[in-house]
Amino acid sequence: MPKLNINIDHVATLRQARLSSEPDPVLAAYLCELSGADGIVVHLREDRRHIQYRDLSMLKESVKTNLNLEMAPTTEMVKVALKIRPDMITLVPEKREELTTEGGLNVLKNKKKISTVINKLKKSGLFVSVFIDPDIVQIKASKDIGVDMVEIHTGRYADSTNEQRQVYELNQIITSSCSAADLDLRVAAGHGLNYSNTKRIAEIELIEELNIGYSIICRSVIVGIERAVREMTQLCKI
Ligand code: PXP
């Protein structure tokens with residue numbers, strides 16, 4: 001059974017919509033851990049659209065399981081990572097205009113730049129993963145630059161609109177996981193996983209960890225709304 005790490009970025013998205021103090025991602029992380037999560041994931045984006053530096057710093061103090069910081073391979077973010085020292089780093093590509101992380105990191109094309117970042121992080125003793133498409137070429141390039149783990153992008157699998165396409169994408173993920181494991185890389189997977197498509201990925205034995213965010217935060221709004229309304233109705237009864 002893979003470990004389940006919860007990405008809590010979108011708790012912060014909701015808070016930032018009102019520039020308010022709630023919902024608090026630190027409290028959400030605590031409740032995720034209390035409910036059995038194996039780790040907490042946050043992406044500190046360049047435009048700070050959801051998670052803020054203060055959240056990250058408080059999470060570093062409060063997370064008891066495993067804190068995974070997703071970040072772009074930039075000088076600014078390396079400084080943040082070396083200061084905060086989360087349990088692990090996942091390097092992801094980042095474009096300002098994208099809605100979410102749209103593709104994997106092109107390690108092959110940006111080998112020199114990414115390798116410099118990885119060297120700095122590894123030299124200070126940090127555990128480093130890279131988020132890549134299920135592609136053998138990217139896996140080999142990741143091995144070459146000394147990462148500890150690869151996170152396989154499950155977005156194309158999750159977005160498949162028919163069974164045939166989904167099985168094709170699933171096989172790409174299985175083959176890539178095998179190639180990574182053959183190279184002694186640890187394997188995680190994530191992106192777009194939800195309550196109907198996660199089981200098939202969780203069955204892949206070589207995948208040690210799943211990183212899931214959006215679907216869990218969406219579901220928590222829906223399954224929690226009844227109680228929230230009931231509590232307010234009670235309050236209104238005077
Ligand atoms: N893994 C990585 C590297 C991501 O960037 C994201 C999205 O922030 C996820 C996993 C989780 O994706 P989702 O929110 O679609 O579950």
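Residues numbered from 1 in each chain as written. Predicted model: local features only at pLDDT ≥ 70, side-chain atom pairs only at ≥ 80, totals over all residues. Heavy atoms only, no water.

Trainee: Explanation requested: the site of the ligand in the structure shown.
Mentor: The ligand sits among 13 residues. The nearest are Glu70, Glu151, Gly192, Gly213 and Tyr214. In the environment of the ligand, an oxygen atom lies 2.8 Å from a nitrogen or oxygen atom belonging to the backbone of glycine 213. Protein burial of the ligand: of its 390 Å² of free accessible surface, 94% is covered by the chains. For the shell around the ligand, a count of residues per class yields four nonpolar, six polar and three charged. (Near = heavy atom within 4 Å. Polar contact = N/O pair within 3.5 Å; in protein donor to acceptor, adjacent residues only side chain to side chain. Areas by Shrake-Rupley, 256 points an atom, 1.4 Å probe, with all protein chains shown as cover. Nonpolar A, V, L, I, M, F, W, Y, C, P; charged D, E, K, R; others polar.)

Trainee: Would you take a moment to explain the packing of aromatic side chains for this structure?
Mentor: Here the distance between the centres and the angle between the planes together describe a pair of aromatic rings. Under the counting rule described, the total for this entry stands at zero aromatic pairs. The ring of tyrosine 195 is capped by arginine 219, whose NZ or CZ atom sits 5.4 Å from the centre of that ring. (Phe/Tyr/Trp six-rings, centres within 6.5 Å; stacked < 30°, edge-to-face > 60°. Lys NZ or Arg CZ within 6 Å of the ring centre and 35° of its normal.)

Trainee: Looking at this model, I keep getting lost on the nonpolar core. Mind explaining?
Mentor: Side chains that are nonpolar tend, in soluble globular proteins, to be buried together. Among the nonpolar cores identified, the biggest contains 56 residues, and Ile8, Leu69, Met71, Leu91, Leu121, Val130 and Ile201 are the most heavily contacted of them. A total of five residues in this core trace back to one element, the largest contributor, which is helix 4 (residues 75-84). (Core = buried A, V, L, I, M, F, W, Y, C linked by side-chain atoms within 4.5 Å. Buried < 20%, exposed > 50% of the residue type's maximum accessible area, 1.4 Å probe, protein only. Helix = DSSP H or I, 4+ residues; strand = E, 2+ residues; numbered from the N terminus.)

Trainee: Help me out: how do you make sense of helix 4 in this one?
Mentor: In an α-helix there are 3.6 residues to a turn, and that puts residues three or four apart on one side. The complete set of buried residues in helix 4 reads Met77, Val78, Val80, Ala81 and Ile84. Down the axis, helix 4 shows its buried residues gathered within 160 degrees of arc, on one side only. Those residues of helix 4 that are exposed and angled more than 90 degrees off the buried face are Thr75, Lys79 and Lys83. Of the surrounding elements, those touching the buried residues of helix 4 are helix 3 (53-62), strand 3 (67-71), strand 4 (88-91) and helix 5 (111-123). (Arc of directions from axis to C-beta. Contact = heavy atoms within 4.5 Å.)

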